[in-house]
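Letter by letter, the chains look like this.
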Amino acid sequence: DTEVTQTPKHLVMGMTNKKSLKCEQHMGHRAMYWYKQKAKKPPELMFVYSYEKLSINESVPSRFSPECPNSSLLNLHLHALQPEDSALYLCASSQERSGGSTDTQYFGPGTRLTVL
Amino acid sequence: LAKTTQPISMDSYEGQEVNITCSHNNIATNDYITWYQQFPSQGPRFIIQGYKTKVTNEVASLFIPADRKSSTLSLPRVSLSDTAVYYCLVVNTGRRALTFGSGTRLQVQP
C-alpha cells in the first residue's frame, strides 16, 4: 500500500470558520509533510514532522496549526483564514531513513480549499 | 539549496522521445537529482532519482554528466497521458523536504 489519503477532497470555508484537513498513511513512514500549491505554481513546503515531532516550519502564519497525533496521521487545523489562503493543500510522507540517503516522498491527492 | 532551471513548457507528439533538461549549477556533493511528475489536481509523483551517469527505470531515464551541473530526463515514446508538469529537484540528504522549481509543462499532441 503506497497510498496517502487526504480528507476532505474539497473544502469551502468562511474567514471566521475553524476547520481541519486530515492526512493518513499506512506505509510505516516516519516523516510527514504539508505543502501548499497555488494555481499554476509549484508546491511550497509548509511543515515537516519527523517521528511525530515538528522539525520544519517554513514561517507559516499561526492561522495554520499542524498536528501529528500518531505516526500515521497528520492534521492541519485552519482558523481565521484569508481568501489568499485558497489553494491545494498537499500531504506527503517518506520513510525517514538514517543519514546518507534521500527518501521518495509519496503525495496524497490534496484538499482543494476555498476561503470566502 | 541548489536552484534548478528548466524550460517552462514543451510540446511533443505521441510516440516521440522527449528530453527535458534541467540546470543546477550550484549542486552540492550530497545532493541528488530527482524528478517528479504532476497531473492537474493531483499530488506530485516520483519518477526517477540519480546521483551521476545514467539511471533507468520502467518509466524514464535520467542522464547526468560528470560535472553534475545539469541533468536530462528522457521519456521514451510519450503518449497523451504523459501530458503533465515535470519538476526537477535537487534533494539534499540532510534536508528531506523538497524545494520545487517552476517545472516544465509537457503537452503531448495526438
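Refer to the structure printed above.
Predicted model only: the values in this text are computed from it and were never measured.

## Points about the sheet that holds strand S3 (residues 18-25) of chain A
The strands making up a sheet associate through backbone hydrogen bonding, with each pair oriented either parallel or antiparallel.
Residues and elements named next belong to chain A.
Consideration 1: Strand order in this open sheet of four strands is S1-S3-S8-S7, and the pairing throughout is antiparallel. Where the open sheet ends on each side, the last strands, each with one partner, are strand S1 (4-7) and strand S7 (64-70). The sheet shows a mean angle of 20° between the axes of neighbouring strands, taken without regard to direction.
Consideration 2: Relative to strand S8 (residues 73-79), S3 is paired through seven bridges, and the arrangement is antiparallel.

## A word on the interface of chain A and chain B
Size of an interface, as often reported, equals the accessible area lost when the parts are brought together.
Consideration 1: With 27 residues of chain A at the contact, the number on the chain B side is 21 residues.
Consideration 2: Approximately 1,700 Å² of surface area, both sides summed, lies buried where chain A meets chain B, with 51% of it carried by carbon and sulfur atoms.
Consideration 3: The interface formed by chain A and chain B includes zero salt bridges.
Consideration 4: Here chain A is connected to chain B by five residue pairs in polar contact (both at pLDDT 80 or more).
Consideration 5: Breaking the side of chain A that touches chain B down by element, the ones donating at least two residues are strand S4 (31-37), strand S5 (44-50) and strand S9 (87-94) of chain A.
Consideration 6: Looking at the side of chain A that touches chain B, the element that brings in the most residues is S4 of chain A, giving three residues.

Definitions and cut-offs
- Residue numbers run consecutively from 1 along every chain, following the written order of its sequence.
- Lettering of chains starts at A and numbering of ligands starts at 1, both following the order in which they are written.
- Only residues with pLDDT of at least 70 are given local features in this predicted model, and only at 80 or more are side-chain atom pairs given and counted; all residues enter the totals for whole chains, interfaces and linings.
- Values shown for side chains rest on all heavy atoms present in the structure; no hydrogens or waters enter the calculation.
- Here, a strand pair is defined by DSSP locating no fewer than two bridges between the strands.
- Secondary structure elements are defined from DSSP: runs of H or I of at least 4 residues count as helices, runs of E of at least 2 residues count as strands, and each element is numbered from the N terminus.
- Angular values range over 0 to 180 degrees, each being the angle between N-to-C directions of two axes fitted as lines to C-alpha atoms, with helices fitted over their stretch in contact.
- By the convention used here, residues are in contact when the closest approach between their heavy atoms is within 4.5 Å.
- Accessible area, probed at 1.4 Å, shrinks when two parts are joined; the buried area is that loss added up over both.
- Think of a salt bridge as a Lys or Arg side-chain nitrogen and an Asp or Glu carboxyl oxygen that are within 4 Å of each other.
- Any pair of N or O atoms that falls within 3.5 Å is considered a polar contact. Within protein, one atom must be able to donate a hydrogen and the other to accept it, and sequence-neighbouring residues count only if both atoms are side-chain atoms.

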